[in-house]
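Each chain, letter by letter, is given below.
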Amino acid sequence: GAGPGDPDLLTVGALRVMHSADVVVYDRLVSDEVLSLCRREATFIYVGKIPGGTSTRQEEINKIIVEHALAGQTVVRLKSGDPLVFGRAEEEFTALDQMDVSYTIHPGITSATAAAASLRHSLAVRGENTAATLATGHDENGFAELDWAALAKKNARASIYMGLRAARFIQGR
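What you see is a predicted model; the values in this text were computed from it and never measured. (Residues numbered from 1 in each chain as written. Predicted model: local features only at pLDDT ≥ 70, side-chain atom pairs only at ≥ 80, totals over all residues. Heavy atoms only, no water.)

A.B. asks: How should I be thinking about the environment of Leu37 in this particular structure?
C.D. replies: Mapped onto the fold, Leu37 is located in the loop between helix 2 (32-35) and strand 2 (43-46). Distance in space between the C-alpha atoms of Leu37 and Pro7 is 8.2 Å, their sequence separation being 30 residues. Once residues lying within four places of it in the same chain are set aside, the contact partners of Leu37 are Pro7, Leu10, Leu15, Met18 and His19. (Helix = DSSP H or I, 4+ residues; strand = E, 2+ residues; numbered from the N terminus. Contact = heavy atoms within 4.5 Å.)

Have a look at this one:
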């Protein structure tokens, strides 16, 4: 996990593997500041997805990761935020597992906690809220239909990921 863009929010584990990478496979939201901390001799492969635009298919990303790993290279799949939160990480794990490629996971600081910290708030406050939801603004079928009534309850907090294109839809809900 590359974290939300600020190099100060990288984990020590992520930084360590970035320094040892032969190949860095990265997405469009990984900041230049974070990329500059990777091993300079590494091969950098951009596999970004642009909403409504040119994107690298997930199957192709899986293929790139597996092929380089099977060639004996140390591959770092660098994803913004925490790849375990709406990051399609499970699909990449499955591709590696199917080819019996060993790997480690270094989760990143997710944007929800980074945003809360920058606002000097917490996602969960004793006595104020009993739920903190991480939700997506869109899914494979378009705008995500969520339990909007539950998300709007007084004792709930929600962090909506990938909601820019769906902002008006979400606002209406």
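A.B. asks: Teacher, can you tell me more about the packing of aromatic side chains here?
C.D. replies: Think of a pair of aromatic rings as described by two things: how far the centres are apart, and how the planes are tilted against each other in angle. For the coordinates displayed, the defined rule picks out six aromatic pairs. Measuring from ring centre to ring centre gives 5.0 Å for Phe143 and Phe169, while their planes differ by 35 degrees; the resulting arrangement is tilted. Pair noted here: Phe143 is in strand 6 (residues 142-143) and Phe169 is in helix 7 (residues 167-172), with a separation of 26 residues, a long-range link. Overall, the relative accessible area of 41% leaves Phe143 in the partly exposed class. Taking relative accessible area as the criterion, Phe169 reaches 16% and is therefore assigned buried. When the ring of Trp148 is compared with that of Phe169, the centres are 6.3 Å apart and the planes differ by 80 degrees; the resulting orientation is edge-to-face. Residue Trp148 is found in helix 6 (residues 148-151), and its partner Phe169 is found in helix 7; the two are separated by 21 residues along the sequence. Among the aromatic residues, those joined into a cluster by ring pairs are Tyr26, Phe44 and Tyr46. (Phe/Tyr/Trp six-rings, centres within 6.5 Å; stacked < 30°, edge-to-face > 60°. Buried < 20%, exposed > 50% of the residue type's maximum accessible area, 1.4 Å probe, protein only.)

A.B. asks: Please explain the sheet that holds strand 2 as it appears in this structure.
C.D. replies: By definition, the strands of a sheet pair up through backbone hydrogen bonds, in either a parallel or an antiparallel sense. With parallel pairing, the three strands of this open sheet are ordered in space as 2-1-3. The open sheet is flanked by strand 2 and strand 3 (75-78), the only strands paired with a single partner. For this sheet the average axis-to-axis angle between neighbouring strands, irrespective of direction, equals 20 degrees. Here strand 1 (residues 23-26) runs beside strand 3; their pairing, made up of four bridges, is parallel. Looking at strand 3, one finds that Val24 is bridged to Val76. In this fold helix 3 (residues 58-70) packs onto strand 1, strand 2 and strand 3, with an angle of close to 155 degrees to the strand it touches most, strand 3. (Pairing = 2+ DSSP bridges. Axes fitted to C-alpha atoms, helices over the stretch in contact; angles between N-to-C directions.)

A.B. asks: Got a minute to help me understand a nonpolar patch on the surface in this structure?
C.D. replies: The grouping of Leu84, Tyr103 and Ile105 at the surface amounts to a nonpolar patch, some 250 Å² of accessible area in total. Tracing the sequence through the fold places Tyr103 in the loop between helix 4 (89-98) and helix 5 (111-118). Judged by relative accessible area, Tyr103 falls into the partly exposed class, the value being 32%. (Patch = residues over 30% accessible without salt bridge, like charges linked within 9 Å, V, L, I, M, F, W, Y side chains within 5 Å. Areas by Shrake-Rupley, 256 points an atom, 1.4 Å probe, with all protein chains shown as cover. Salt bridge = Lys/Arg side-chain N within 4 Å of Asp/Glu carboxyl O.)

A.B. asks: So what exactly am I meant to see when it comes to helix 5 here?
C.D. replies: All of the buried residues along helix 5 are Ala112, Ala114 and Ala116. At its buried positions, helix 5 is contacted by strand 4 (131-136) and strand 7 (156-161). Downstream of helix 5 by one or two residues, Arg120 has phi in the positive range, about 60 degrees.

A.B. asks: Can you walk me through the side chain of Lys79 in this structure?
C.D. replies: Here Lys79 lies in the loop between strand 3 and helix 4. For Lys79, a relative accessible area of 8% translates into the label buried. Here Gly87 takes part through its backbone oxygen, which lies 2.7 Å from a polar atom of the side chain of Lys79. Beyond its immediate chain neighbours, meaning those up to four positions away, Lys79 contacts Gly1, Ala2, Gly3, Asp27, Val30, Gly87 and Glu92. (Polar contact = N/O pair within 3.5 Å; in protein donor to acceptor, adjacent residues only side chain to side chain.)

A.B. asks: Even after reading the chapter, I still don't get helix 1 (residues 12-19), so can you show me in this structure?
C.D. replies: In an α-helix there are 3.6 residues to a turn, and that puts residues three or four apart on one side. The set of residues buried in helix 1 consists of Gly13, Ala14, Val17 and Met18. Projected onto a plane normal to the axis of helix 1, the buried residues spread over an arc of 135 degrees and lie on a single side. Pointing more than 90 degrees away from the buried face of helix 1 are the exposed residues Val12 and Arg16. As for helix 1, its buried residues are in contact with helix 2 and strand 3. (Arc of directions from axis to C-beta.)

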